[in-house]
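Observations on the model geometry
Letter by letter, the chains look like this.
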Amino acid sequence: MNAKSISPESIMRLTSAHWSLKALSVGVDLSIFTFLQKGPQTASRLAGLLNLPERSLKRLLNANVALGFLRKADEVYENSKVAQAYLIEGTPSYLGDFVKLAGIHGFEKWTRFGECIRNDAPIEDLDDDYRRNEEKMQYFTRAMHNNAKGTARFIASLPLFANRAHLLDIGGGSGVYCIALTESFPDLHATLIDFPPVCKVAREYVGQSNAKNRINIVEGDALQDQIFENGDIVLVSQVLHGMSESQCKALLTRCFNWTSSGGTIIVHEFFLDNDEASPLYSALFALNMLITTKEGDVYTKGAVSSWLEHAGYHDISVLATPGPSNLLVGHKK
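Presented here is a report on the structure given in the accompanying data block. Within each chain, residue numbers correspond to sequence positions counted from 1 in written order. Totals for whole chains, interfaces and linings use all residues, but because this is a predicted model, local features are given only for residues with pLDDT of at least 70 and pairs of side-chain atoms are given and counted only at 80 or more. To obtain the side-chain values, all non-hydrogen atoms of the structure were included, while hydrogens and water were left out.

With that settled, consider the overall build of the chain. Only DSSP runs of H or I with at least four residues qualify as helices, and only runs of E with at least two residues qualify as strands; both kinds are numbered from the N terminus onward. Within the chain, the regular secondary structure consists of 16 helices and 10 strands. Only the C-alpha atoms count toward the radius of gyration. The rule for a globule is 2.2 Å times the residue count to the power 0.38. Rg of the C-alpha trace for the chain: 22 Å, near the compact-globule value of 20 Å for 333 residues, within the 12% margin. For accessible areas, the Shrake-Rupley method is used with a probe of radius 1.4 Å. Any residue's cover is judged against the shown protein chains and nothing else. For the chain, the computed accessible surface area is about 16900 Å², with 53% contributed by carbon and sulfur atoms. Side chains of the chain carry 32 positive and 37 negative charges; the gap between the two charge centres is 7 Å. The charged-residue count follows a simple rule in which Lys and Arg add positive charge and Asp and Glu add negative charge, with His and chain termini not counted at all. We put the charge of a Lys on NZ, of an Arg on CZ, of an Asp on CG and of a Glu on CD.

Turning to the pattern of salt bridges, a few remarks are in order. Close approach of charged atoms lets side chains of opposite charge pair. Salt bridges are identified by distance alone: a Lys or Arg side-chain nitrogen within 4 Å of an Asp or Glu carboxyl oxygen. Tallied over the full model, the rule gives 11 salt bridges. Residue K301 is joined to D273 by a salt bridge in which the shortest nitrogen-to-oxygen separation is 3.0 Å. Highlighted residues: K301 in helix α16 (residues 301–311) and D273 in the loop between β8 (259–269) and α15 (280–292), separated in sequence by 28 residues.

Under the convention used throughout, the expected extent of a helix is 1.5 Å for every residue step, that is, one less than its residue count. For helix α11 (residues 134–155), spanning 22 residues, the distance from its first C-alpha to its last is 29 Å, which sits close to the expected 32 Å at 1.5 Å a residue. Residues of α11 that are buried include every one of M137, Q138, T141, A143, H145, N146, A148, K149, T151, A152 and I155, and no others. A simple rule labels every residue: compare its accessible area, found with a 1.4 Å probe on the protein chains alone, to the largest value its type can have, and call it buried under 20%, exposed over 50%, or partly exposed in between.

The disulfide definition used here is simple: a pair of cysteine sulfur atoms within 2.5 Å. Summed over all chains, the structure comprises 0 disulfides. C199 forms no disulfide, and the closest cysteine sulfur to it belongs to C178, at a distance of 10 Å. In this structure C255 is a free cysteine whose sulfur lies 11 Å from that of C248, the closest cysteine sulfur available. Relative accessible area serves as the criterion here: at 0%, C255 is assigned to the buried category.

This part covers the nonpolar core. Counting residues in each nonpolar core, the largest one holds 29 residues, and the members touching the most others are I155, F161, L167, Y177, L181, I217 and I266. No other element matches helix α12 (residues 176–184), which puts 6 residues into this core. Working definition of a nonpolar core: buried Ala, Val, Leu, Ile, Met, Phe, Trp, Tyr and Cys residues. They are joined through side-chain atoms within 4.5 Å. Counting 26 residues, the second-largest nonpolar core is a separate cluster that includes V239, F256, W258 and W307.

Here a strand pair is declared whenever DSSP counts at least two bridges between the two strands. Here 7 strands make up an open sheet; going across it, the order is β6-β5-β4-β7-β8-β10-β9 and the pairing mixed. Taken across any chain shown, the strands that pair with only one partner, and hence form the sheet edges, are β6 (215–219) and β9 (314–320). Neighbour-to-neighbour, the strand axes of this sheet turn through a mean angle of 20°, independent of strand direction. Should any heavy atoms of two residues lie within 4.5 Å, those residues are considered in contact. To define axes, lines are fitted to C-alpha atoms, for helices over the stretch in contact only, and angles between the resulting N-to-C directions are given on a 0 to 180 degree scale. Packed onto the sheet, helix α14 (residues 245–258) meets β4 (166–170), β7 (231–237) and β8 and runs at close to 145° relative to β8.

Another point: the pairing of β9. A regular strand places its side chains on the two faces of the sheet in alternate fashion. Examined bridge by bridge, β9 and strand β10 (residues 326–331) share 5 bridges and lie antiparallel to one another. Bridged to S317 within β10 is V329. Between β9 and β10, which pair antiparallel one after the other, the connecting turn spans 5 residues.

Running from N to C, helix α2 (residues 17–29) and helix α7 (residues 96–105) point in directions that differ by 130°, and their axes come no closer than 9 Å. One element, α2, and the other, α7, form an angle in the oblique class. Where α2 crosses over α7, the handedness of that crossing is left-handed. Note on element contacts: α7 touches α2 through G96, V99, K100, A102, G103 and I104, opposite L21, K22, L24, S25, V26, V28 and D29. For this classification, the nonpolar set comprises Ala, Val, Leu, Ile, Met, Phe, Trp, Tyr, Cys and Pro, the charged set comprises Asp, Glu, Lys and Arg, and every other residue, Gly included, is treated as polar. Class assignment of the residues belonging to the contact of α2 with α7 gives a composition of 7 nonpolar, 3 polar and 3 charged. Angles below 35 degrees are treated as roughly parallel, those above 145 as roughly antiparallel, those between 65 and 115 as roughly perpendicular, and all remaining angles as oblique. Each crossing gets its handedness from the near helix: less than a right angle anticlockwise from the far helix is left-handed, clockwise is right-handed.

This part is about the pairing of strand β3 (residues 76–79). Along β3, the buried face is formed by Y77 and N79; none of V76 and E78, which line the opposite face, is buried. Bridge count for strand β2 (residues 70–73) against β3 is 4 bridges, and the pairing is antiparallel. By the bridge assignment, K72 is partnered in β3 with Y77. Where β2 hands over to β3, the hairpin turn is made up of 2 residues, of which D74 adopts a positive phi near 55°.

Moving on, we come to the packing of aromatic side chains. The geometry of an aromatic ring pair is captured by two quantities: the separation of the ring centres and the angle between the planes. Stacked, edge-to-face and tilted labels apply to pairs of Phe, Tyr and Trp rings (six-membered ring for Trp) whose centres lie within 6.5 Å, assigned for plane angles under 30 degrees, over 60, and everything in between, in that order. This model, assessed by the stated rule, comprises 7 aromatic pairs. Judged by centre distance (6.1 Å) and plane angle (15°), the ring pair of Y281 and F285 falls under stacked. Residue Y281 and its partner F285 are both found in helix α15; the two are separated by 4 residues, about one turn of the helix. With 5.0 Å between their ring centres and 70° between their planes, Y299 and W307 make a pair best called edge-to-face. Among the residues examined, W307 registers a relative accessible area of 7% and is labelled buried. Aromatic ring contacts, followed pair by pair, group F270, Y281 and F285 into a single cluster. K22 extends its terminal NZ or CZ atom over the ring of F107, reaching a point 4.6 Å from the ring centre. Two conditions define a charge located above a ring, namely a distance within 6 Å from the ring centre to NZ of Lys or CZ of Arg, and an angle within 35 degrees of the ring normal. Residue placement shows K38 over the ring face of F35; its charged tip is 4.5 Å from the ring centre.

Honestly, that's just the spatial picture; any functional story needs more than this.
So, in C-alpha cells, the structure goes:
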C-alpha cells in the first residue's frame, strides 16, 4: 500500500480532538460564558473580573472564538448564539454540567484507558463509587439532566403518551422525563424510582415544575427492592448500559410485572447495530462503559428486543430520536 496515495487527515484530526473539548470545558468551568452574558468585555477587563492572568486567558478566549463559542471584534469578546443558548449558568437550557463532566471530571479516566484494556477492569466503577459518594452521585445526576432535556422534549412529543394514566420511570434520575411528560400531558401522573441521593436532586427539579403534584418520587433499587407500583406506560431510559446482560434481563422481567395489562414499555438507549461495530457513537460509548463500570455494556437492538420478548412483551418496534439514541417500544397484552 502506497502511503502517499492515502491522506492521513482522519488520523491527524483525532490527535488534537481533545484540545477542543478542554478549551470548551475549562471555559465553562471558569464561568467565562456566564460573565460575558452580562456584556462584551476585553480580555484585560475579563481577566480582572475573573482574577485570572490576562496572557493565558486571552489564548483561551481566542480558541473559543475559533471554535465558534465566542465572537471577537476590536479586541472585545462576546458570546455566540450557541453559547447564549446553552452555556449560561442558571438558564433552563444550560449544558455546562454535562460539558464539565466530559471535559474535566471524566477526562482523567480516559487518560488511563490503556490500563482498562490491559486489565479488563474499569478505572472507576460508577455503580460502586457514586452510590458511596453522595456528592458525586448528585453532580452526575445534574450533568445527566443537562444532557437529557432535548431527548425528554422529543419523547414528550410522541403520541404514545396520549390517554395514559400513569408513567413508571425506572431509574428516572433527575426527573427530566417525568417533568417533560407530565407537563405535556395534563392527565398523566408519574412515579420516579431511583437511589436516595438521586431522588434528592430529582425533588429539586420536580419542585420547580408546574406538574409537581402529579409526580411521585420513590427511593429504591429497581433490581432488588419491592416496588408496589404499576404503570400503563413504563420508561427505562439510559439504564441498561450500566448493567450486565443478566441484570438487564432481570430488570425487564420486573418491568413486565409492573406494566399494566394493555400497557407499553419504552427502552431508551445508545443501541449498537447487530455487527456491534456501528454506529460510531454507540461503539465509543461501549468503551466508556468499560472504563466506568464492572459489567455495563452497550447492547444491540436485536438483543434487547429478544429480552423484551422473553419478558413477555410483544410487537417490539424501534423509534429513532434526533440524537444518537433510539427507543425500543414493546406492549403487554
